[in-house]
Amino acid sequence: MTANQSTAPPQAGRIVVDDLTKVFGGKIRAVDRLSFTVEPGSVTGFLGPNGAGKTTTLRMLLGLVHPTSGTATIGGVAYHAIPNPLSVVGAGLESSGFHPARTGRNHLLIQCRVAGFPDRRADEVLALVGLADSAKRKVRGYSLGMRQRLALATALLGDPRVLILDEPANGLDPDGIRWQRGFFRHLASEGRTVLVSSHQLNEVQELADRVVILNRGQLVRAGSIAELSAGSDAVQVRTPTLAPLLAALAEQGARVEQTAPDQLRVHAMPVEQVGHLAFVRGVELHELSVIRFNLEELFFALTQDAAGPLGPGEPPLPVAAIPRDMSTRLSPAEGITS
Amino acid sequence: MIGLIRSEFLKLRSTQVWFWMLMAAIAITALLVVGQLAPRDNVTEPSQAYDVFTSSGMAYIVVFVLGVLGVTTEYRYQTITSTVLATPSRWKLITAKMITYALVGAAYALVCVIVEAAMALPWLAAKGIHVSLGSNHIPRGLFAVFLVVALFGIVGLGVGALLRNQIVAVSVGVIFLLVLQNILIAIPGVKHVYPFSPGGAVNAIITISTQDKTINGVTLLSAAGGVIVLLCWAFIPAALGAAFTLNRDIT
């Protein structure tokens, strides 16, 4: 029952997507020659705008959608070839896949019967996700957050080595999200593979070790957060006398962009050096701050062409519903200045 | 496979549909018994009791709907996703469902037969007609009822698997079985296919040799022929469903 990682061969929990393509209805290329690998022992964020092909990819990985070409394997085999798949792979795909007139516990027991898990396993996972008190209520009365918890409980039923979850944080309250983050990290630390698709980029940045970013069915970037963020920290400076500082920075070879009449952003120079330079040149500073790598910014830069209604001059937002005047709130400097 | 069948039983038990469908089956049986016994001069001698004791055969329509729901509810509420994740083989899945719904059909038939016997035996006795469950071909009739009702669970699954849409599958199936099929027999030329329809097969299985085997000039198949036709109606749609429609992308 336990996913015994120490004795498992290293590829046991590895997800390999190789040249995967899905064309719906002969014309819609939902996934286009996609290749990536997800390693055990880490949390991997699977990102992309709406319609990027994330869900289709996950469904192909789970054998629910047939690829047009290419392969997707878990531990070296296709999902349908895994004996008793629930004990190896836990999947949470949508919060609506429950019969409304069935209790949460019965939903889990149905899965237990198929896979041969004892009934107490259903009670264990219900307690684990915090649904023990609602176990015998009909799913009809569950909130979205409770359905998400039930979906996660379903995925955990077989104590699987690999977890594949589509938007598991949707509908969860902040407490639930924080709990889930800790829980996923814990599962990864046990050597399990955790693949989580998400729109909540700040959440992913805190949660994931690695990200796979998809746009229009194609891979745009895959790598660890550390790799992606390397060298991307910048220094923000605000000063009433811009010219002398600009000159000094240019002398030192820093890459500088002016972001406001009294504001600069300095790349490829440590914050200490920028501060020292201002000090020795006698430039008055109103702000000196580090702008950390921001996944959101990278994401927008990589998926810009899919942003849709917004003009090219504005920062592309993934959610069209955000009013334009709020776009400044998405600035990477948010929360770091002050 | 045992686990899969137990899981299918729990799926059925864990919502209330099975109960209301059973009530419907009992109501249909009871109405048919009343319809035959209430008119003073309808059943007057023991040899006419056979039809009364096969009233429960009409429960096939209810078990058919139950079978349709057995597949289409999974699509309606998208539980098909977790079902297929647990059992990727559609053949295994449909086999487990077929066994489950045939057993459920037999259980429904048993309840309906008990209801029918509990109503008809005292009522016939009160009319001064003395029959026992062991006489007048009644055991053969009851066997036919069990066979027909159990097989219709599978027929329903097959239709549900092919059509997948709950409302479409239930309406198409019920309208065909209750209305179109009976129109079939009235159309010259076309009426000769009636013996090969599910209803024609049911009639062939339930009708005994001492009864009239022709309807509107069309001769029904033998009971064995009826069984073969009904087996085809049960297994061919289910197999086609497993091979094609159930295998489609689940998005």
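Procedures and definitions
- Residues numbered from 1 in each chain as written.
- Chains lettered and ligands numbered in written order.
- Predicted model: local features only at pLDDT ≥ 70, side-chain atom pairs only at ≥ 80, totals over all residues.
- Helix = DSSP H or I, 4+ residues; strand = E, 2+ residues; numbered from the N terminus.
- Expected span 1.5 Å × (residues − 1).
- Buried ≥ 20, exposed ≤ 12 C-beta atoms within 10 Å, placed from the backbone.
- Contact = placed C-beta atoms within 7 Å.
- Nonpolar A, V, L, I, M, F, W, Y, C, P; charged D, E, K, R; others polar.
- Pairing = 2+ DSSP bridges.
- Axes fitted to C-alpha atoms, helices over the stretch in contact; angles between N-to-C directions.
- Domains from an automatic or database assignment.

### Re helix 4 (residues 144-156) of chain A
Thought 1: In a regular helix each residue adds 1.5 Å, so 13 residues correspond to 18 Å; helix 4 of chain A covers 18 Å between its end C-alpha atoms and thus fits that length.
Thought 2: When you tally the buried positions in helix 4 of chain A, you get 11 out of 13 residues, the bulk of the element.
Thought 3: Of the positions making up helix 4 of chain A, those classed as buried are A:Met146, A:Arg147, A:Gln148, A:Arg149, A:Leu150, A:Ala151, A:Leu152, A:Ala153, A:Thr154, A:Ala155 and A:Leu156.
Thought 4: Where helix 4 of chain A is buried, its residues touch strand 5 (89-92), helix 2 (104-115), helix 3 (119-128) and strand 6 (162-166) of chain A together with helix 5 (80-86) of chain B.

### Considerations on the interface of chain A and chain B
Thought 1: With 30 residues of chain A in contact, the opposing surface of chain B contributes 23 residues.
Thought 2: If one sorts the elements of the side of chain A that touches chain B by residue count, helix 2 of chain A sits on top with 7 residues.
Thought 3: When grouped by side-chain class, the residues that make up the side of chain A that touches chain B number 15 nonpolar, 11 polar and 4 charged.

### Quick word on the sheet that holds strand 3 (residues 42-47) of chain A
Residue and element names in this part refer to chain A.
Thought 1: Spatially, the 6 strands line up as an open sheet ordered 5-6-7-3-8-9, and their pairing is mixed. Each edge of the open sheet carries a strand with a single partner, namely strand 5 and strand 9 (218-224). The mean inter-strand angle of the sheet, taken between neighbouring strand axes irrespective of direction, is 15°.
Thought 2: Pairing between strand 6 and strand 7 (residues 193-198): 5 bridges, direction parallel. If you follow Asp166 over to strand 7, its bridge partner there is Ser197.
Thought 3: Set on the sheet, helix 4 makes contact with strand 5 and strand 6; between it and strand 5 the angle comes to about 165°.
Thought 4: Lying on the sheet, helix 10 (residues 295-303) is in contact with strand 3, strand 8 (210-215) and strand 9; it crosses strand 8 at an angle near 30°.

### What to know about the pairing of strand 12 (residues 263-267) of chain A
All names here are of chain A.
Thought 1: Covered by surrounding structure in strand 12 are Leu264 and Val266 only, the residues Gln263, Arg265 and His267 on the alternate face being uncovered.
Thought 2: Sheet topology note: the strand 10 (residues 234-238)/strand 12 ladder contains 5 bridges and is antiparallel. By the bridge assignment for strand 12, Ala234 is matched with His267.
Thought 3: Summarising the sheet, strand 11 (residues 255-260) and strand 12 pair through 5 bridges and their orientation is antiparallel. Counted as the bridge partner of Ala260 is Gln263 from strand 12.
Thought 4: Here strand 11 folds back onto strand 12 in antiparallel fashion, the turn holding 2 residues.

### Quick word on the environment of B:Ser82
Thought 1: As for its position among the elements, B:Ser82 is in helix 5.
Thought 2: When neighbours within four sequence positions are excluded, B:Ser82 is seen to be in contact with A:Gly97, A:Gln111 and A:Thr154.

### Let's talk about unusual backbone geometry
Across the chain, the bulk of peptide bonds are trans and the bulk of non-glycine residues have phi less than zero.
Residue and element names in this part refer to chain A.
Thought 1: Unusually for a residue other than glycine, Asn84 sits at a positive phi of about 45°.
Thought 2: Positionally, Asn84 belongs in the loop between strand 4 (69-74) and strand 5.
Thought 3: Using a count of 14 C-beta atoms within 10 Å as the deciding quantity, one classes Asn84 as partly exposed.
Thought 4: Although it is not a glycine, Glu167 sits at a positive phi angle of roughly 50°.
Thought 5: As for its placement among the helices and strands, Glu167 is situated in the loop between strand 6 and helix 5 (174-189).
Thought 6: What makes Glu167 buried here is the crowd of 20 C-beta atoms within 10 Å.

### Looking at the domain arrangement of chain A
Thought 1: When cut into domains, chain A gives domain 1 (10-228) and domain 2 (234-291).
Thought 2: Relative placement of domain 1 of chain A and domain 2 of chain A: their C-alpha centres are 45 Å apart.

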